[in-house]
Number of protein chains: 2
Amino acid sequence: MDNKTKNRPQTLPDGARPTLKTIAFMTGLGITTVSRALKDAPDIGAETKERVRLVAKQIGYQPNRAGVRLRTGKTNVISLVLTLEEEIMGITSPMVVGITEILAGTPYHLVVTPYSAVKDALAPIRYILDTGAADGVIISRTEPHDPRVALLTERGLPFVTHGRTEMGIVHPYHDFDNERFAYEAVRKLVARGRRKLVLLEPPPHLTFYSHMRAGFERGLRDFQADAVSFHQTNIDHSLVEIRDAFEVLMRSEDAPDGIVSGSGSGAIALIAGLEMAKKKLTEDCDMVSKSPSDFLRWLRPEVMTMYEDIRIAGRELAKAVIGHIDGEPPETLQSLSQPEFQPPITRGLRA
Amino acid sequence: MDNKTKNRPQTLPDGARPTLKTIAFMTGLGITTVSRALKDAPDIGAETKERVRLVAKQIGYQPNRAGVRLRTGKTNVISLVLTLEEEIMGITSPMVVGITEILAGTPYHLVVTPYSAVKDALAPIRYILDTGAADGVIISRTEPHDPRVALLTERGLPFVTHGRTEMGIVHPYHDFDNERFAYEAVRKLVARGRRKLVLLEPPPHLTFYSHMRAGFERGLRDFQADAVSFHQTNIDHSLVEIRDAFEVLMRSEDAPDGIVSGSGSGAIALIAGLEMAKKKLTEDCDMVSKSPSDFLRWLRPEVMTMYEDIRIAGRELAKAVIGHIDGEPPETLQSLSQPEFQPPITRGLRA
DNA sequence: CATCGCGACTGTATCGTTACAGATTTGAAG
DNA sequence: CTTCAAATCTGTAACGATACAGTCGCGATG
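Residues numbered from 1 in each chain as written. Chains lettered and ligands numbered in written order. Predicted model: local features only at pLDDT ≥ 70, side-chain atom pairs only at ≥ 80, totals over all residues. Heavy atoms only, no water.

### Topic: the interface of chain B and chain A
Opposite the 49 residues of chain B that make contact, chain A presents 49 residues. Roughly 4,300 Å² is buried in total at the junction of chain B and chain A, and carbon and sulfur atoms are behind 67% of that figure. Scanning the region where chain B abuts chain A turns up zero salt bridges. Applying the counting rule to chain B against chain A returns nine residue pairs in polar contact (both at pLDDT 80 or more). At the level of secondary structure, the elements contributing two or more residues to the side of chain B that touches chain A comprise helix H4 (65–72), helix H5 (92–103), strand S2 (109–115), helix H6 (122–131), helix H10 (239–251), helix H11 (264–276) and helix H12 (295–299) of chain B. A total of seven residues in the side of chain B that touches chain A trace back to one element, the largest contributor, which is H10 of chain B. Class assignment of the residues belonging to the side of chain B that touches chain A gives a composition of 25 nonpolar, eleven polar and 13 charged. For strand S2 (residues 109–115) of chain A and S2 of chain B, the ladder comprises three bridges, and the chain directions are antiparallel. Note that in S2 of chain B the partner of Val-112 of chain A across the bridge is Leu-110 of chain B. (Contact = heavy atoms within 4.5 Å. Buried area = accessible area lost by both parts, 1.4 Å probe. Salt bridge = Lys/Arg side-chain N within 4 Å of Asp/Glu carboxyl O. Polar contact = N/O pair within 3.5 Å; in protein donor to acceptor, adjacent residues only side chain to side chain. Helix = DSSP H or I, 4+ residues; strand = E, 2+ residues; numbered from the N terminus. Nonpolar A, V, L, I, M, F, W, Y, C, P; charged D, E, K, R; others polar. Pairing = 2+ DSSP bridges.)

Next up, the structure:
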């Protein structure tokens, strides 16, 4: 056999999935040529490329991920890093949906990488870095000085955060404008004549804690209302804890007449505490809540809600990681979604 | 160099992650020996194994997934196949949590594989089969004659279904006992003196439709109650549709006095419809609902709920696929979770 | 007419792992 | 002193893809 065709395959197993070798055999070309033709390399003739593409399509060729990954290190994987604990009200579902909607048009797969204890937040990141498990990472529960962001930046692995940081590192993020949410919430409550307002806030170590507080306080100043302290309780507490603490507050001298709830499930507990204190929504108290789903609007239409669309957040996050992977500058991969009050559920045909 | 050490590595890059080669170099053994030692093969000396394990642990060796996958075809991936549409009430979150809890102790990663249109249900399965993308598959929204089950069985890829089938194929599954749920729901309603019952049922093409109906009808017979037809509406319809249809029903001659809701979010819509028809829960009507989360108990404690623990379902499903992959007989990998009425939320310290 | 450059294509080595078929040593049996 | 088997260990090839360094033929150049 002459040298020219020395590496050509002689026989091909027939049930197996096609590889570059299959196409090489069918076109009479070398494996390298086929590989380069499919990547549209400049040193391959136009007609050859066309032939290769045609055959590849015909036989349904799809590159073997393990082969690519072994040779190039490219995993075609995006890793979504989650705390098992943050799943209380199920924000993950729509997030996963949003992400996969974007990934569907790409070669990327979505791998969910969980971690349990809060102190282990770095563990999954290290795992991904050490094993090269992903091309990009999506993290949430972002902190102002987030060690995960520091580590990922240092090691040069593309990522995006759900929430912002404050460390002077420019990186991709998507965030809900919690400052504005709280500000508009205060505006709304004051417009209803409420003046003693309370905020159910995020835990202080997360970045959006300060955003939400800042918006709340700016609102208090601009619209001349007063704050009632509820600092000992936050949205990471159990619903029972929130309820009981709020009942106590509502029975006290200091009882607020307006509530801003930083979470939808927290709102449920607040309502329960309020009712246990024998108060009534819209009469003794008004409430504005952030809400990632519909149930509050259905079951407690008295509560004014601002919808946080987690699904869209998922989309934005996915687009941003991919952009980062593709080398787009981080500052172009930042987005903030604006809160808007939701209209009430329509009361059907007969109004 | 003598033949014995011909394939030994001379130098080793230092920043890189350790491979078998690294361990081979450090122990002075051959790569093959190291590989076999780590798998506890019988032809490797006990002391050698010990040394290899020690070094491997010290340097934090973790097998390269791409290498293993390329060589053996083993992906160490479990694929969760989801409809984007089923995410309405976010059942995915706790499910993902449950699955990852089990996978955490294994080498498996969880990949989420979505599909959009209902007619495309087979597409992700084919993709996984064709590309060898996973060692095992988890599917939901199971139908009595499910083409996905047929295909996976035929091609011999391990899987588990959330829900049962009726095709004479013995396969792993986990299911909620919807027959019993509906039966117990009817018992409860009749015990409260309700006799005209309605069922908000699953869409007819899913297997648990017939389970739930069967339990409902058995209950009607055993406890002597009557059914009110609501067949044109099911839990896959939009909340607005359910509400409007139910309002019409509640205003009709045929208005039921007892409701069995096959879904938690459906219950919300039913309540809305009922209230629009100027009826009141516990007065005109009682209601039992399946509920995958807590909000109904908090916001509508009048509704009697049976909790479907999706997180546990996730765990069971994960265990079952892995069992199937490990070759355990399918009939040992089937489980049914029993519904139980939930106690009301405790009313706090001062009850 | 030799030489060069260029366009089009190709072989080899390699990523990390494992299946397979040896190879070497040791001690016991003949 | 062979011979052989058992116990350990080892090299080679291969999985599928790609980086790299060619090769080949051909027309233009000096």
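Past the structure itself, the notes keep going.
### What to know about the pattern of salt bridges
Residue and element names in this part refer to chain B. Throughout the structure, instances matching the rule amount to 44 salt bridges over all chains. For Glu-179, the salt bridge is made with Arg-218, and the minimal N-O distance between the two is 2.8 Å. Taken together, the residues span a long stretch of sequence, with Glu-179 in helix H8 (residues 178–191) and Arg-218 in helix H9 (residues 207–223) at a distance of 39 residues. Taking the shortest distance from any N to any O, the salt bridge between Arg-213 and Glu-201 comes out at 2.3 Å. Separated by twelve residues along the polypeptide, Arg-213 in helix H9 and Glu-201 in the loop between strand S6 (196–200) and H9 bring together distant segments of the chain. Taking the relative accessible area as the measure of exposure, Arg-213 reaches 12% and is therefore buried. Assessed through its relative accessible area of 2%, Glu-201 is described here as buried. (Buried < 20%, exposed > 50% of the residue type's maximum accessible area, 1.4 Å probe, protein only.)

These results come straight from atomic positions and should not be treated as a statement about function.
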